[in-house]
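# Inside the fold
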Amino acid sequence: MVEQKLEKDPAYLQEFERALDIIDRNQTFLLTTHLNPDGDGLGCESALSLALTCMGKTVTVVNAHPVPEIYHFLPNHESFLAETPHAKTYDVAIMLECPDIQRTGGILQIPGTAQEIINLDHHVFNTRYGTVNMIDPTAAAAGEQVWDLLMALDCPVDKRMAIGIYTAIATDTGHFKYASVTPRTHRVVAQLLELGLEVGYMNEQIYERVPKEALTLLGLALENVQFNAAGTVGWFSVTQAMLKQAGARENQTENFINYVRSVDGVQVAVFFQETREGKIKVSFRSRGRVDVSAFAYSFGGGGHQRAAGATLTGSLAEVQAKLLAALETSMALKV
Ligand SMILES: [Mn+2]
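In this text, all values refer to a predicted model and were calculated from it rather than measured experimentally.

## Considerations on the packing of helix α3 (residues 39-54) against helix α5 (residues 159-172)
At a minimum axis distance of 7 Å, the contact between α3 and α5 shows a crossing angle of 160°. Relative to α5, the element α3 lies roughly antiparallel. Where α3 crosses over α5, the handedness of that crossing is left-handed. In this structure, α3 uses Gly39, Asp40, Gly43, Cys44, Ser46, Ala47, Leu50 and Ala51 to contact α5, whose residues at the interface are Arg160, Met161, Gly164, Ile165, Thr167, Ala168, Thr171 and Asp172. Per-class residue counts for the contact of α3 with α5 are 7 nonpolar, 6 polar and 3 charged.

## Regarding the domain arrangement of the protein
One can read the domain layout of the protein as domain 1 (4-207) and domain 2 (213-333). Each of domain 1 and domain 2 has a C-alpha centre, and these two points are 27 Å apart. Counting from both sides, the interface comprises 10 residues of domain 1 and, opposite them, 9 residues of domain 2. Looking at side-chain class alone, the side of domain 1 that touches domain 2 contains 6 nonpolar, 3 polar and 1 charged residues.

## Let's talk about the sheet that holds strand β8 (residues 233-238)
Spatially, the 6 strands line up as an open sheet ordered β7-β8-β9-β10-β12-β11, and their pairing is mixed. The open sheet is flanked by β7 (226-227) and β11 (302-303), the only strands paired with a single partner. As paired elements, strand β10 (residues 280-286) and strand β12 (residues 307-312) share 6 bridges and run antiparallel to each other. From the neighbouring strand, valine 282 faces β12, where its bridge partner is alanine 310. Along the sheet, helix α12 (residues 316-333) makes contact with β8, β9 (268-274), β10 and β12, crossing β9 at roughly 160°.

Cut-off values and rules
- Residues numbered from 1 in each chain as written.
- Predicted model: local features only at pLDDT ≥ 70, side-chain atom pairs only at ≥ 80, totals over all residues.
- Axes fitted to C-alpha atoms, helices over the stretch in contact; angles between N-to-C directions.
- Helix = DSSP H or I, 4+ residues; strand = E, 2+ residues; numbered from the N terminus.
- Parallel < 35°, antiparallel > 145°, perpendicular 65-115°, else oblique.
- Left-handed = near helix turned anticlockwise from the far one by under 90°.
- Contact = placed C-beta atoms within 7 Å.
- Nonpolar A, V, L, I, M, F, W, Y, C, P; charged D, E, K, R; others polar.
- Domains from an automatic or database assignment.
- Pairing = 2+ DSSP bridges.

This is how it looks when you write it as C-alpha cells:
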C-alpha cells in the first residue's frame, strides 16, 4: 500500500520509485542518521536494516554517537557502529533525517562514501544533497516515510520492524500529541498494531525505563527554570557540573524541555546544554505561532517549526544572553 501523500505528490512519488529501484539494483548499504541520534533516526535504522538484511543486502549502520541506553530495546541495535571518520565505501548510503551532510558528524564524505545517496527526511530545510531526495515535511516522523518504503520492498514487514517504526513516530510526536500528527500517522500505527505490536510493551520500553540519575539531573535542571516578564519564554540549562553532581550523561536530557513547554502561557521553551567540548547545545520547542526552525537556522542550526536546535560557541551566560535577546526581538516582530 502506498500512502496518501505519495498519491498526491508526483514529485515525491518519483523520488520514492527511484529509491526503490536503487535499493533493488545494489548490494551494499550504509545507513546513518544525525549527530546525537534520537528515537526517530534510530528507530528508522532498526527497521530498515532488518528489511534490507531480509532482502539479502549487506547493511552497515554507522552513527557519530553510540545508541543511548534508553534505545537498547530496538532490534538490531547491537550491530550499530559509532565510528567517525568512517572510511569504508558502499553502493548506497541511506541518510535518515540529515538535513545536510554536516549533520552526520563526518560519517558521509562526498564524493567517495557511496555511489548513490538516498536522502530521506521530514525537515523543511534540507539541502537536497542526495542522488535521490525523499523530503516530506508533512510526515510527523521520518518513520512514516520509512514505513512506506518497507511496505514497498521485497520483504514482508514484521513485528520487529514495527518496534522501530513505532519508536520513531512515538518519540517524534511527543507520543502522538504534537500538531504534526495526521490521520496518516495513526493509519501507520494501526498497521503496526496489526502486526502484533503491543502498545503497553512499547510504552514501558520508551517511557518507563528512566535511569535514576536522569531523574536527579531533571531535578537540578528544573531548579534553574526562568521566564521572561511576559511569561511567554521559559528557559533552563544543564551544565557539566550538574551532570557530574547527578552522575548522569549528556544524552540523558532528551525530554527535559517538554516540562517547560508545558507551562501555561509559555510559547517557546529553550534548553541550554553545556557539552564536554565546551560548546552550548540549544534546543527550542514552540507552540503557537513562533517558527523555531527559522530562528534556529539563523544561528546555524535547524529543525521543525515546533522543535529545533543549534550548537553555539561561547560561555553559557553569553550564549543565553545573545539567544534570548534575539528570540524576544523575533517574537515581538510577530505580534
Ligand atoms: Mn524526526
